Amino acid sequence: QRVAPREVRQPEVARLAALLLAFLLVVPVAQAGWSMLVAGAFLVEFLSRGRSTPLSALTSAPRREPFPVPGAAVDRYVPAGLRGGRPLVLVHGFTAEGKDDPRAREAATLLARAGFEVAMPTIPGLTRGRLRSEDVEPVVATLAARSAPTVVLGVSVGAGPALLAAADARVRDRVSAVVSLGGYASALEVLRFWLTGAYSFGEVRGRVVHEPELVRTFVRANADRLDPAARAELEAADPERAARFLAALSPELQRYLESLSPLRVARDIRARVILVHGRADRAVPYTESLRLAAARPERTTLVLVGLLDHVEGGGAAGWQDVRDF
């Protein structure tokens with residue numbers, strides 16, 4: 001994914017910092033002012049990808065340690081100077097390094113600096129570029145190991161296991177809120193997008209041109225679900241041929257994709273749901289958050305912004321920055 005050069009992105013950071021200062025000047029209550037300061041500092045540091053570090057300047061580094069969870073590899077990030085922050089389970093997206101991915105560790109550290117006690121499991125399928133129904137189990141196990149109501153935050157395709165776990169009868173009463181950042185609702189529709197570039201929901205529709213090699217990499221990672229003819233068809237990275245394949249899916253593959261879809265269990269989630277998505281997301285289209293919000297409107301907040309590309313700072317400008325921030 002392309003990242004704008006530093007000289008292009010620095011004005012955005014400066015605008016965000018100025019907006020944060022303006023907010024602080026009008027907050028009349030000290031406690032509310034501190035909350036605003038921490039939230040704003042978190043956003044500036046997150047959106048600037050660490051080029052501006054106001055939250056790190058305000059807070060001490062958290063402690064990272066192994067978190068014993070049966071059947072899962074989990075790290076815990078404990079805020080400095082606190083007996084315990086608010087429990088949060090962070091679910092990473094596609095990354096070969098799982099919980100040890102540098103970007104995932106940076107995100108967990110920032111969340112801990114903001115006052116959360118973060119537990120982050122490795123999701124095995126997502127380390128191999130796959131979507132697997134069994135990848136909900138590490139999230140369920142991590143939630144079961146927490147003693148207090150817990151926030152679940154799913155990043156990118158990690159929102160799939162996060163939302164599925166939040167709906168799971170074994171642990172759903174332990175979830176206080178679930179947040180999806182650039183996540184998906186329907187495995188079939190996100191597969192359609194990855195293979196053809198097409199996305200739609202209601203009156204919203206569009207198309208993105210993907211690099212053929214990215215398509216082939218995804219197909220190879222999931223080759224065991226395909227017969228040789230289907231694999232050859234999809235490795236051609238031809239949108240029209242992929243569309244024909246999707247129109248004639250076997251019942252078995254349809255059921256498998258259904259099992260991976262948060263859309264299927266949306267109404268089983270009892271916690272508050274917050275869906276955050278970048279309007280210019282080229283990895284997972286924002287129509288997926290529209291789709292999920294429509295399926296489960298009660299206690300669901302949908303936030304569409306231009307400040308995000310996929311799950312990191314984007315290139316919005318002007319007054320839209322203020323509105324999005």
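Fair warning: this is a prediction, and the values are worked out from it, not measured in the lab.

K.L.:
I keep staring at the layout of surface pockets and nothing clicks. Help me out?
P.N.:
The method is simple in principle: a probe with the dimensions of a water molecule rolls over the atoms, and the space it marks as empty is what remains. When its volume is computed, the second largest pocket comes out at roughly 170 Å³. Arg225, Leu226, Asp227, Ala230, Phe245, Ser250, Glu252, Leu253 and Tyr256 are the residues that line the second largest pocket. The leading source of residues in the lining of the second largest pocket is helix 11 (residues 251-259), at three residues. For the lining of the second largest pocket, a count of residues per class yields five nonpolar, one polar and three charged.

K.L.:
Which parts of the structure should I look at to understand the pairing of strand 3 (residues 86-91)?
P.N.:
For a regular strand, side-chain orientation follows a simple rule: the groups alternate between the two sheet faces. For strand 3, a buried count of five out of six residues is recorded, marking the element as mostly surrounded by other parts of the structure. Taken together, the four bridges between strand 3 and strand 4 (residues 116-121) define a ladder with parallel strand orientation. In the sheet register, Pro87 faces strand 4, and the bridge partner there is Glu117. Between strand 3 and its parallel partner strand 4, the chain crosses via helix 4 (residues 102-113), and the hand of that crossover is right-handed. Strand direction decides the pairing type here: strand 3 and strand 5 (residues 150-155), joined by four bridges, are parallel. From the neighbouring strand, Val91 faces strand 5, where its bridge partner is Gly154.

K.L.:
Is there a simple way to explain the pattern of salt bridges in this structure?
P.N.:
When their charged atoms lie close together, side chains carrying opposite charge are able to pair. With the rule as written, the count across this model stands at 23 salt bridges. Here Arg64 ties to Asp100 by a salt bridge, and the two come within 2.8 Å at their closest N and O atoms. A residue pair is termed long-range when its members are at least 10 positions apart, and Arg64 in strand 1 (residues 63-66) and Asp100 in the loop between strand 3 and helix 4 qualify at 36 residues. Given a relative accessible area of 34%, Arg64 falls into the partly exposed group. The class for Asp100 is partly exposed, based on a relative accessible area of 33%.

K.L.:
Any chance you could explain unusual backbone geometry here in plain terms?
P.N.:
Of all residues except glycine, most have a negative phi; of all peptide bonds, most are trans. A positive phi angle, close to 60 degrees, is found at Ser156, a residue other than glycine. When its relative accessible area of 11% is taken as the criterion, Ser156 is described as buried.

K.L.:
It is not clear to me how empty space enclosed by the protein should be interpreted in this structure. Could you clarify?
P.N.:
Scanning the entire structure with this criterion turns up four cavities of 30 Å³ or more. Put simply, the largest cavity is a space of about 200 Å³. In this structure, the largest cavity is lined by 16 residues; those nearest its centre are Leu191, Phe218, Asn222, Leu253 and Leu257. For the lining of the largest cavity, the elements supplying multiple residues, two or more each, are helix 7 (187-196), helix 8 (212-221) and helix 11. It is helix 7 that contributes the most residues to the lining of the largest cavity, four residues altogether. Across the lining of the largest cavity, the residue classes break down as 14 nonpolar, one polar and one charged.

K.L.:
I would appreciate a short explanation of the environment of Arg264 in the present structure.
P.N.:
Among the secondary structure elements, Arg264 is positioned in the loop between helix 11 and strand 9 (272-278). Separated by 31 residues in the primary sequence, Arg264 and Ala295 have C-alpha atoms spaced 9.2 Å apart. Setting aside residues up to four positions removed in sequence, Arg264 forms contacts with Leu164, Glu258 and Ser259. A polar contact is formed between the side chain of Arg264 and the backbone oxygen of Ser259, at a distance of 3.2 Å.

K.L.:
Would you take a moment to explain the confidence of the model for the protein for this structure?
P.N.:
Note: predicted coordinates in regions of low pLDDT should not be interpreted at a detailed level. Confidence in the prediction for the protein averages 87 pLDDT; 85% of positions are at 70 or higher. Segment residues 1-9 is flagged for pLDDT under 50; beyond a separation of four residues in sequence, or across chains, it makes 13 contacts in the model.

K.L.:
When you look at the packing of helix 5 (residues 136-144) against helix 6 (residues 159-167) in this model, what are you seeing that I'm missing?
P.N.:
Between two packed helices, what matters for the description is the angle formed by their axes and the separation of those axes. It is the contact of helix 5 with helix 6, at a shortest axis distance of 8 Å, that shows an interaxial angle of 50 degrees. Relative to helix 6, helix 5 is oriented oblique. You can see that helix 5 and helix 6 cross each other, and the crossing is right-handed. Of the residues in helix 6, those touching helix 5 at Val136, Val139, Val140 and Leu143 are Pro161, Ala162, Leu164 and Ala165. Across the contact of helix 5 with helix 6, the residue classes tally to eight nonpolar, no polar and no charged.

K.L.:
How should I be thinking about the nonpolar core in this particular structure?
P.N.:
Ranked by size, the top nonpolar core spans 54 residues in total, and within it Leu143, Val178, Tyr184, Trp194, Leu195, Phe245 and Ile269 carry the most contacts. Broken down by element, the residue count for this core peaks at seven residues, all from helix 6. Other than its neighbours up to four places away in sequence, Tyr184 contacts Leu131, Ser156, Val157, Ala159, Gly160, Leu163, Val190, Leu260, Ser261, Pro262, Val284 and Glu288. Counting 25 residues, the second-largest nonpolar core is a separate cluster that includes Ala41, Tyr77, Leu111 and Leu181.

K.L.:
Can you help me understand the packing of helix 7 against helix 8 in this one?
P.N.:
Two elements in contact, helix 7 and helix 8, have axes separated by 9 Å at closest approach and are oriented at 135 degrees. On the basis of their axis angle, the class for helix 7 and helix 8 is oblique. On the side of helix 7, the interface is formed by Leu191, Trp194 and Leu195, while helix 8 contributes Val215, Phe218 and Val219. Among the residues forming the contact of helix 7 with helix 8, the class breakdown is six nonpolar, no polar and no charged.

Thresholds, definitions, all that
- Residues numbered from 1 in each chain as written.
- Predicted model: local features only at pLDDT ≥ 70, side-chain atom pairs only at ≥ 80, totals over all residues.
- Heavy atoms only, no water.
- 1 Å grid on protein atoms, 1.4 Å probe; cavity = no way out; pocket = protein on both sides within 12 Å on 5 of 7 lines; lining within 4 Å.
- Points joined across faces, edges and corners; volume = space filled by probe spheres on them.
- Helix = DSSP H or I, 4+ residues; strand = E, 2+ residues; numbered from the N terminus.
- Nonpolar A, V, L, I, M, F, W, Y, C, P; charged D, E, K, R; others polar.
- Buried < 20%, exposed > 50% of the residue type's maximum accessible area, 1.4 Å probe, protein only.
- Pairing = 2+ DSSP bridges.
- Right-handed = clockwise from strand over helix to strand, strands pointing away.
- Salt bridge = Lys/Arg side-chain N within 4 Å of Asp/Glu carboxyl O.
- Contact = heavy atoms within 4.5 Å.
- Polar contact = N/O pair within 3.5 Å; in protein donor to acceptor, adjacent residues only side chain to side chain.
- pLDDT = per-residue confidence, 0-100.
- Axes fitted to C-alpha atoms, helices over the stretch in contact; angles between N-to-C directions.
- Parallel < 35°, antiparallel > 145°, perpendicular 65-115°, else oblique.
- Left-handed = near helix turned anticlockwise from the far one by under 90°.
- Core = buried A, V, L, I, M, F, W, Y, C linked by side-chain atoms within 4.5 Å.

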